[in-house]
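# Notes for the structure review
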Amino acid sequence: MTNNTSLIPNPAALDELCINTLRFLSVDAVQKADSGHPGLPLGAAPMAYVLWTRFLRHNPSDPHWFNRDRFVLSAGHGSALLYSLLHVTGYDLPLEELKRFRQWGSKTPGHPERGLAPGVEVTTGPLGQGFANGVGLAMAEAYLAEKYNRPGDAVIDHYTYALVSDGDLMEGVASEAASLAGHLRLGKLIYLYDDNRITLASATPVTFTEDHAKRFESYGWHTQKVADGNDLEAIDEAIRNAQAETDRPSIILVRTHIGFGSPKQDTTGAHGSPLGPEDVKLTKEKLGWPVAPDFLEPAEALDHFRAAVDVGKTLSSKWEEQMIIYGQKYPELAKELRSLIHDHIPEDWDKDITPFPADPKGLATRAASGKVIQAFFKHLPGFIGGSADLNTSTNTELKDAGNFESPAMKQGDLQGAAGGVWGYDGRNIQYGVREHAMGAISNGLAAHGGIIPYCATFLTFSDYMRPSIRLAALSELKVIYVFTHDSIAMGEDGPTHQPVELLAALRAIPHLVVIRPADANETIAAWQIAILEPDKPVALILSRQAVPTLDRSKYAAANGLRYGGYILADAPDAKPELILIATGAEVDLIVAAQEKLQSFNIAVRTVSMPSWELFEAQSPAYRDQILPPDVTNRIVVEAGISQGWHRYAGDKGEIISIDHFGASAPGPVLLREFGFTVENICEHALALLKK
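Given the structure is predicted, the values throughout are model-derived calculations rather than measurements. (Residues numbered from 1 in each chain as written. Predicted model: local features only at pLDDT ≥ 70, side-chain atom pairs only at ≥ 80, totals over all residues. Heavy atoms only, no water.)

## A few points about the sheet that holds strand β8 (residues 452–458)
Strand order in the open sheet formed by five strands is β7-β8-β9-β11-β10, with parallel pairing between adjacent strands. Two strands lie at the open edges of the sheet, namely β7 (383–387) and β10 (513–515), each paired on one side alone. Averaged over all neighbouring strand pairs, the angle between strand axes comes to 15 degrees, with direction disregarded. Two elements, β8 and strand β9 (residues 480–484), share five bridges in a ladder whose sense is parallel. Bridging across to β9, T457 finds its partner in F483. (Pairing = 2+ DSSP bridges. Helix = DSSP H or I, 4+ residues; strand = E, 2+ residues; numbered from the N terminus. Axes fitted to C-alpha atoms, helices over the stretch in contact; angles between N-to-C directions.)

As structure tokens, then:
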């Protein structure tokens, strides 16, 4: 067998040749790297082959063609199989990249990463995340299809497929996402379950003995079983049945054998370690594959796979013609849809946002955020999202925009639904109490394109979402998080709900922009940053309690927030002796402290620093202008732990923080008892200046 052998006339033989090509490109990649997971590619290659050659509508020449089917390898440890599929079907992923699997600078990392290899839709590896991402991808398709398709003009019409594993199904995030997907009746969501009954450390009977099909049936999914993972026609029939089931998501339980054909078949040894040279040799011999050379690509197999290139070009070309006709019929809709496809933000999207007047009583930044959202969301048709059953507390319901629900739902079943239209074009996503799925689904919504997703919950529950937030940052996905009830000031609910450490935890995530606005007008600026940020997730950290709206004729304009930190008010006609720095609700405290200290003829500068990430993005000269290195008397005030603030307080500065859990009492009492008062700030300032 060489790259120049004669064509194989037997279709079954060609199928086997192609499947083994996938298997052994993957095995050779793992073996060359001496690292990886050969078991899944050996067992799951047949179902992947059927899906990619008979069903998947995609264009290798244009991986971002908008109406493509989406494929998610939720079992991201099997990445060698995905890279092999992308290579052989004609994506810009040359064989050399398979040979550089898991190596420095390659496009083929150990787990799939969005933005490296073309054709990788989402970053997967942490199990369950891809499962939930797929639900988000399908929700995006359903929303855009319902909003823009017209009878005879289905310009948005594609499936979301995923290959999922035992580990995916065990993770709680998958359970949350599966439950919601079944409720929403996402009929274009089709998952292939690699039921190989082996995990990394044991066989699944040790930990996973539920009836998987019945479990998904109870979620509202359509389920099928394929008894033999090498039975291509049974897999084909099951996928066709799943496509025909339009009112339920589908999962196909395919009985496979991990490490198929190898001496380690059906053992944990096939999961996460290379087979080893001798077992690679034995596996190739058993499956009728030449032992040498490695990375063999028979011409017949490659020709068969590469048909996807011309087919994909035809599909996307026909879709573009369809879009032209659609544009002639519905010019405004077409213009709006193309704007979403290209991630265009209208220049006047924020034209209805009006500044808040100065008000010593003010309002909570969560309330200000709600008002800002209502002012702009109608100008951004791709802006959709919701909360984990906390819309009334997070102020994130889009008024009269309806619930995202299956059109098959009876309106009487939707008690408590948002007003206005409802169906898949509803813009309020009712996630229920499912924070983990909400975060991962939001990643899928963002990865699909055409959508600016937001999600909301209390800051203390952000840890339930942390894996998803981390992956959004790694993937450079534009997801907006609205985290309210941001400190001990939330009061009586007690330390379980007081997120003292979570600002620091979020700030620790690279490529995540964390913004804690000081008042209503900084909240406007924070939303402007969040909407316009092209490739980073943004977390807005908002107060439960009312905070004064600063008089911006007296203090610097709130759009200074864009720099991350800015001077609110400076020492009059003098170099500052002391710099007070704060974020969020504590900014009002340093403003009042400045006034009191200046009555003692102390030159004080106040700095609002709502975002470390934005501040660090500024030039060293700007940062030194705000925090002059020679002004070492500094006090930072934030109702969270001190971790990380030392870089701005400096060696001689102080931090007024809370480096322990809170307590259950009214918010004002807690702030007083834990030292968040003007008097305490002034005492620390006077003591610092005497040193």
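After that view of the structure, there is still more to cover.
## Here we look at unusual backbone geometry
In this structure, the amide linkage connecting A292 to the following residue, P293, adopts the cis form with an omega of 0 degrees. Its location among the elements puts P293 in the loop between α10 (277–286) and α11 (299–329). The phi dihedral of R197 is positive, around 65 degrees, even though this residue is not glycine. The exposure class assigned to R197 is partly exposed, which follows from its relative accessible area of 40%. Unusually for a residue other than glycine, H511 sits at a positive phi of about 70 degrees. (Buried < 20%, exposed > 50% of the residue type's maximum accessible area, 1.4 Å probe, protein only.)

## A short note on the UniProt feature "binding site: substrate" (unreviewed entry) in the protein
Under the UniProt annotation, the feature "binding site: substrate" (unreviewed entry) is placed at H37, H271, R366, S393, H485, D493, H497 and R544. These annotated residues cover 508 residues of sequence, and their C-alpha atoms sit far apart, with the largest distance between any two at 47.9 Å. Turning to its location among the elements, S393 is positioned in helix α14 (residues 391–394). The residues contacting S393, other than those within four sequence positions of it, are R366, F458, T484 and H485. The exposure class assigned to H497 is partly exposed, which follows from its relative accessible area of 23%. Apart from the residues lying within four places of it in its own chain, the contact partners of H497 are F458, T460, F461 and M490. (UniProt positions renumbered as here; feature names shortened; annotations may be inferred. Contact = heavy atoms within 4.5 Å.)

## Things to note about the packing of aromatic side chains
Summed over the entire model, instances satisfying the criterion amount to 27 aromatic pairs. Residues W612 and Y648 carry aromatic rings whose centres are separated by 5.9 Å and whose planes lie at 65 degrees to one another, so their mutual orientation is edge-to-face. Taken as a pair, W612 in helix α20 (residues 612–616) and Y648 in helix α22 (residues 646–649) lie far apart in primary sequence, 36 residues in all. Considered together, W612 and Y648 belong to a single accessibility category, that of buried residues. Ring pairing ties together the aromatic residues Y563, W612, F615, Y622, W645 and Y648, which thus form one cluster. R70 extends its terminal NZ or CZ atom over the ring of F66, reaching a point 5.5 Å from the ring centre. Here R507 stacks its cationic end above the ring of W612, 4.3 Å away from the centre of that ring. (Phe/Tyr/Trp six-rings, centres within 6.5 Å; stacked < 30°, edge-to-face > 60°. Lys NZ or Arg CZ within 6 Å of the ring centre and 35° of its normal.)

## Remarks on the pattern of salt bridges
Within this structure, the stated rule accounts for 29 salt bridges. The shortest N-O distance in the salt bridge between E210 and R215 comes to 2.7 Å. Two residues, R672 and E673, come together in a salt bridge whose shortest N-O distance is 3.1 Å. Three or more residues are tied together by salt bridges with common partners; here these are D15, R54, E233, D236 and R240. (Salt bridge = Lys/Arg side-chain N within 4 Å of Asp/Glu carboxyl O.)

## What about helix α8 (residues 212–219)?
Among the residues of α8, those classed as buried are H212, A213, R215 and F216. Summarising the axial view, the buried residues of α8 lie within an arc of 160 degrees, below the 170-degree limit, and thus occupy one face. Exposed and oriented more than 90 degrees from the buried face of α8 are K214 and S218. Looking at the buried residues of α8, the elements they touch are α5 (129–148), α6 (166–170), α7 (172–184), β3 (189–195), β4 (222–226) and β5 (250–255). At the N-terminal end of α8, a side-chain oxygen is found 3.2 Å from the backbone nitrogen of A213, two or three residues along, and the residue is D211. Directly after α8, the chain includes G220, whose backbone phi takes a positive value near 100 degrees. (Arc of directions from axis to C-beta. Polar contact = N/O pair within 3.5 Å; in protein donor to acceptor, adjacent residues only side chain to side chain.)

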